[in-house]
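Below, each chain spelled out in residue letters.
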Amino acid sequence: MRIARFTTGEDPLFGVVTGEIDEHGIPDEDCVIVGLNGDPLYVGLHLSNKEYRLADVRLLSPVLPRSKVIGIGRNYAAHAAEMGGDVPDEPLMFMKPNTSVVGPDDPVFYPRQSSEVHYEGELAVVISRPCRDVPAAKFADVVQGYTVANDVTARDLQRKDGQFTRAKGFDSFCPLGPWIETELDVSDLRVQTFVNGEVKQDGRTSDMIFDVPTLVEYVSSVMTLLPGDVILTGTPEGVGPVQVGDEIEVSISGIGNLTNKVKQRD
């Protein structure tokens with residue numbers, strides 16, 4: 001099931017996307033969103049009697065975390081190597097503020113403080129209910145589904161600061177979308193990132209050092225996870241810079257595509 005958050009020009013709505021999505025993540029022109037009564041994270045899945053053509057709405061970030069976004073660093077060995085770091089012995093956590101979240105086709109703003117902004121395409125996990133100390137074997141009990149993420153990073157500030165908060169925390173530095181896929185085996189998905197149509201990253205989630213069950217167990221052993229919290233699972237090798245005017249597209253098999261353009265912050 002694909003759960004979308006969208007607008008027709010007024011308040012945000014939720015719905016279930018129906019119809020065919022091709023192997024490249026492109027929806028069929030006849031795809032329809034069947035409306036839901038309220039946010040399914042809080043009121044459950046209750047279909048309304050309203051339908052909307054997907055082509056006629058604007059997709060928003062499928063979840064707007066009320067609490068937090070947790071990132072995982074260096075979770076692919078090849079990416080750890082390209083960053084000049086060792087593979088961590090346990091998941092390397094950092095946090096992005098919920099104000100960094102934007103949706104499909106929203107701009108990623110290039111901050112004035114940086115001259116080296118990088119893309120990082122990755123799989124995102126959306127938490128469904130309050131939880132703490134979740135065993136890896138029961139991770140699915142607390143996961144609503146999965147979406148596509150771009151963990152945008154000001155790399156020069158990351159090096160300068162020696163930690164991640166400023167480098168990864170700017171407004172617009174966490175695009176999510178296009179929707180949440182609730183029924184998906186994420187153990188071996190293809191993760192690709194394109195800049196202006198040119199492939200830059202091409203990895204598989206099977207190459208993660210710590211898989212999704214392990215990450216849910218680890219993060220929830222440190223902090224309580226709340227409905228709508230998002231865990232970013234790390235990025236494959238191939239990260240690199242973008243410039244104002246560039247278009248970034250992150251594609252994950254079984255979910256879809258997330259596209260954002262880079263704009264200068266006024």
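Cut-offs and rules
- Residues numbered from 1 in each chain as written.
- Predicted model: local features only at pLDDT ≥ 70, side-chain atom pairs only at ≥ 80, totals over all residues.
- Heavy atoms only, no water.
- Disulfide = S-S within 2.5 Å.
- Pairing = 2+ DSSP bridges.
- Helix = DSSP H or I, 4+ residues; strand = E, 2+ residues; numbered from the N terminus.
- Axes fitted to C-alpha atoms, helices over the stretch in contact; angles between N-to-C directions.
- Buried < 20%, exposed > 50% of the residue type's maximum accessible area, 1.4 Å probe, protein only.

**Student:** Describe the state of the cysteines, listing the residues and the values that go with them.
**Tutor:** This structure, assessed with the given rule, holds 0 disulfides. Between C131, a free cysteine, and C174, which holds the nearest cysteine sulfur, the sulfur-to-sulfur gap is 18 Å.

**Student:** Tell me what's going on with the sheet that holds strand β15 (residues 190-195), and back it up with residues and numbers.
**Tutor:** In spatial order, the strands read β9-β20-β19-β15-β16; together these 5 strands make up an open sheet with mixed pairing. At either margin of the open sheet sits one strand with a lone partner, and together these are β9 (108-110) and β16 (198-204). For this sheet, the mean inter-axis angle between neighbouring strands, taken without regard to orientation, is 20°. Taken together, the 3 bridges between β9 and strand β20 (residues 256-264) define a ladder with parallel strand orientation. Bridging from a neighbouring strand, Y110 pairs with Q264 of β20.

**Student:** Outline unusual backbone geometry, listing residues and values.
**Tutor:** Note that the residue after G177, namely P178, is joined by a cis bond; omega there is 0°. Checked against the element boundaries, P178 lands in strand β14 (residues 174-181). Positive phi is not limited to glycine here, since R74 has a value of about 50°. Along the chain, the position of R74 falls in the loop between β6 (69-73) and α2 (77-82). Under the relative-accessibility criterion, R74 is labelled partly exposed at 30%. Notably, N196 is not glycine yet its phi reads approximately 55°, a positive angle. Positionally, N196 belongs in the loop between β15 and β16.

**Student:** So, the sheet that holds strand β10 (residues 117-119): which residues are in play, and what are the values?
**Tutor:** With respect to topology, 3 strands assemble into an open sheet ordered β13-β10-β18, the strand pairing being antiparallel. At either margin of the open sheet sits one strand with a lone partner, and together these are β13 (153-154) and β18 (240-242). In terms of strand pairing, β10 meets β18 through 3 bridges, oriented antiparallel. Along β18, the bridge assignment pairs H118 with P241.

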